[in-house]
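This is what each chain is made of:
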Amino acid sequence: MRVRLVVTFVLVALLSAVTATALAYRDARTAVLQRTQNTAVDDLRERVAAVAAGFDLPPDQRSLSRFAAEVSEGLGARIVVARHQDLTAVSDAYADTEGRITAELRAAVRAGDGTRFQRVEWRGEPYLVVGTPVTYADGDRRTSGLEVFAITDLRAERDDTEALLDSVREGIVPVVAVAALLALLAAGTVLRPVRKLGRATRELAAGDLGSRVAVRGHDELADLARTFNETAGALQSSDAELRAQEAKARRFVADVSHELRTPLAAMAMVATVLEEDADQLPPDAARAARTVGAETARLSRLVEDLMEISRFDAGAARLNASETDLADTVRASLALRGWTDRVTLDLPEGVRAVIDRRRVDVIVANLVGNALRHGAPPVTVTLAVVGGGAGGAPGVGEGGERVVLEVADRGPGLPPEARERVFDRFYKADEARTRTTATATGPAATATGPAAPDGGSAPDSGPGPDGGPGPGAGLDGGQGSGLGMAIALENARLHGGTIEVEAQRPGGGAAFTLVLPLRRTDGEGEE
């Protein structure tokens, strides 16, 4: 920091000196050139007016040469060029004027709009060329066709401005030296409290909310230290309050979900009886019985999902892991839900890893269910092993190998706003376009819809392939609770993996990819 501060001071001083030098050079050069060109324009205009008063038109070559010489005499022997139609006369017969009088200046003078001038560089030397048309002395000021150009040497003006620039440039070195000295003195005063404040900030960022800095003096740094202490204190109070509220909220959700299980179990039994006898009831009563059954089942799934989320939040979720054939696990999950004929599988044999079979079943059910519910066929499930090489972590496949399970569809894909929120709890990308609706005749009806996974769980918390409960895992592909994708991601993280999303695939549709570390072991049991 000290070095940067000194360098900054020096750079600012240097920049200021260079800027001042450039401005001084520009202003001096502008003033000198402005004065020279004003003088040249006025002198040429007055001299031409005086000589042209006795000049007869049209001229011959001799009279035109005499006219140019007389104008040059009154301008301090500057080179004068006079033109009239095809005739040209130069006051100095040996002077080369073609390269100094440009076509643009000739055209401007020929237009008859008054005196014009142009600064040119010829053979590395600067010149000022002034041109003026000669007009008749009558009232309408018509041009006579006679044009006069005067060439002024600007080398003296250039030398004057460069001498001024050299003198200003010599003052830069002492300015930079003084700036460096001042920077060194200021660094010790400014940086000491800044270092203390930086140390306290790092401690605060590391989780030490009790970190404070001593306040000395009444300057801006003291105000900054005082503000930091107040902010740290407020943050510490807010953190304690938020932690207490979060703990209460988690306990509340867990307690409510637990208390709802018993009455919901009774309601589910009654709803099952009503649904079994629905065909013997009047149409309105049958429709009501089926609706009660469907909504009771959905409420039961929501309670199961909430309890599962509560276990993740409380850090109570555990893996019941064993080495399992992943292809068999995926096939069993699809077969349990009747999805085998609706999905194209690419599952190589022999891919075994240490996983919790029930939790992987939940992930597969959510990813495939969303693809079937919201995407368009064909829905493909692809299993692969990626990575490899030397240096793998203990318990992970050699060289850090990973299992990749991709579920892709060919629908319109995910909208941009859903890409970042698809794993949020209770988030549904497009509830208005959900593909499942309750009917009076039976289970959910499915229609083609947009590929917008709703982030919700699949509808039934039925058992996994091993017979255990599966919160967030569906059996019928109906509308979810909005927690299924969040549960799936938590299950992936519990395995040390994640779920990646490709919202818009090049060929159309969306793809969800489960990535898990390829752990292997000879035994079985909890991991």
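Overview of the structure. Treat the numbers as computed from the prediction; the structure is a model and nothing was measured.

### Considerations on the pattern of salt bridges
Point 1. A complete count under the given rule lists 20 salt bridges for this structure.
Point 2. Where Asp356 meets Arg359, a salt bridge forms, and the shortest distance between an N and an O atom there is 3.5 Å.
Point 3. A relative accessible area of 4% places Asp356 in the buried class.
Point 4. Accessibility expressed as a relative area gives 5% for Arg359, which makes it buried.
Point 5. Several salt bridges share partner residues, and in doing so they unite Glu308, Arg311, Asp356 and Arg359 into one network.

### Some thoughts on the nonpolar core
Point 1. Within the largest apolar cluster, 40 residues are counted, with the highest numbers of intra-cluster contacts made by Val368, Ile499 and Phe512.
Point 2. At the level of elements, helix 8 (326–337), strand 8 (352–355), helix 9 (357–374), strand 9 (379–386), strand 10 (402–408), helix 11 (484–494), strand 13 (498–502) and strand 14 (511–517) are the ones that each hand at least two residues to this core.
Point 3. It is helix 9 that contributes the most residues to this core, seven residues altogether.
Point 4. Apart from the residues within four sequence positions on either side, Ile499 is in contact with Ile363, Leu367, Phe423, Ala488, Leu489, Ala492, Phe512, Thr513 and Leu514.

### Here we look at the packing of helix 9 against helix 11
Point 1. Put simply, helix 9 and helix 11 touch, their axes get as near as 9 Å, and they point 140 degrees apart. If you check the angle between helix 9 and helix 11, you find them oblique. Taken as a pair, helix 9 and helix 11 cross one another with a handedness that is left-handed. Contacts between helix 9 and helix 11 pair Arg359, Val362, Ile363, Asn366, Leu367 and Asn370 from the former with Gly484, Met485, Ile487, Ala488, Asn491, Ala492 and Leu494 from the latter.
Point 2. The residue makeup of the contact of helix 9 with helix 11, split by class, is eight nonpolar, four polar and one charged.

### Focus on the side chain of Arg78
Point 1. By the secondary structure assignment, Arg78 is in the loop between helix 2 (61–74) and strand 1 (79–84).
Point 2. Reaching out from Arg78, the side chain makes a polar contact with the backbone oxygen of Leu75 at a distance of 3.3 Å.
Point 3. Beyond its immediate stretch of four places on either side in the chain, Arg78 contacts Ala40, Asp43, Ser72, Ser91, Ile151 and Thr152.

### Re a nonpolar patch on the surface
Point 1. There is a patch of nonpolar side chains on the surface, built from Val3, Val7, Leu11, Leu14 and Val18 and spanning about 420 Å² of accessible area.
Point 2. Secondary-structure assignment places Val7 in helix 1 (residues 2–52).

### Notes on helix 8
Working note: α-helix, 3.6 residues per turn, so residues spaced by three or four point in the same direction.
Point 1. A rise of 1.5 Å per residue sets the reference length of helix 8, with its 12 residues, at 16 Å; its end C-alpha atoms lie 17 Å apart and thus fit the reference within 8%.
Point 2. Buried within helix 8 are the following residues: Leu326, Ala327, Thr329, Val330, Ser333, Leu334 and Arg337. For helix 8, the angular spread of buried residues about the axis comes to 165 degrees, placing them on one side.
Point 3. Buried residues in helix 8 make contact with strand 6 (322–325), strand 7 (343–346), strand 8, helix 9, strand 9 and strand 10.
Point 4. Measuring from the backbone nitrogen of Ala327 back to the side-chain oxygen at the start of helix 8 gives 3.0 Å, which picks out Asp325 as the cap.
Point 5. Phi turns positive one or two residues past the end of helix 8, at Gly338, with a value near 75 degrees.

### Digging into a positive patch on the surface
Point 1. Side chains of Arg192, Arg195, Lys196, Arg199, Arg202 and Arg216 sit close together on the surface and give a patch of like positive charge.
Point 2. By the secondary structure assignment, Arg202 is in helix 5 (residues 172–205).

### A word on the sheet that holds strand 7
Point 1. Taken together, five strands build an open sheet; the order of strands is 7-9-10-14-13 and the sheet is mixed. Either end of the sheet is taken by a strand with one partner, and the two such strands are strand 7 and strand 13. Adjacent strand axes in the sheet meet at a mean angle of 20 degrees when their direction is disregarded.
Point 2. Sheet topology note: the strand 13/strand 14 ladder contains five bridges and is antiparallel. Bridge assignment links Val501 to a residue of strand 14, and that residue is Phe512.

What counts as what
Residues numbered from 1 in each chain as written. Predicted model: local features only at pLDDT ≥ 70, side-chain atom pairs only at ≥ 80, totals over all residues. Heavy atoms only, no water. Salt bridge = Lys/Arg side-chain N within 4 Å of Asp/Glu carboxyl O. Buried < 20%, exposed > 50% of the residue type's maximum accessible area, 1.4 Å probe, protein only. Core = buried A, V, L, I, M, F, W, Y, C linked by side-chain atoms within 4.5 Å. Helix = DSSP H or I, 4+ residues; strand = E, 2+ residues; numbered from the N terminus. Contact = heavy atoms within 4.5 Å. Axes fitted to C-alpha atoms, helices over the stretch in contact; angles between N-to-C directions. Parallel < 35°, antiparallel > 145°, perpendicular 65-115°, else oblique. Left-handed = near helix turned anticlockwise from the far one by under 90°. Nonpolar A, V, L, I, M, F, W, Y, C, P; charged D, E, K, R; others polar. Polar contact = N/O pair within 3.5 Å; in protein donor to acceptor, adjacent residues only side chain to side chain. Patch = residues over 30% accessible without salt bridge, like charges linked within 9 Å, V, L, I, M, F, W, Y side chains within 5 Å. Areas by Shrake-Rupley, 256 points an atom, 1.4 Å probe, with all protein chains shown as cover. Expected span 1.5 Å × (residues − 1). Arc of directions from axis to C-beta. Lys, Arg positive; Asp, Glu negative; His and termini not counted. Charge placed at Lys NZ, Arg CZ, Asp CG, Glu CD. Pairing = 2+ DSSP bridges.

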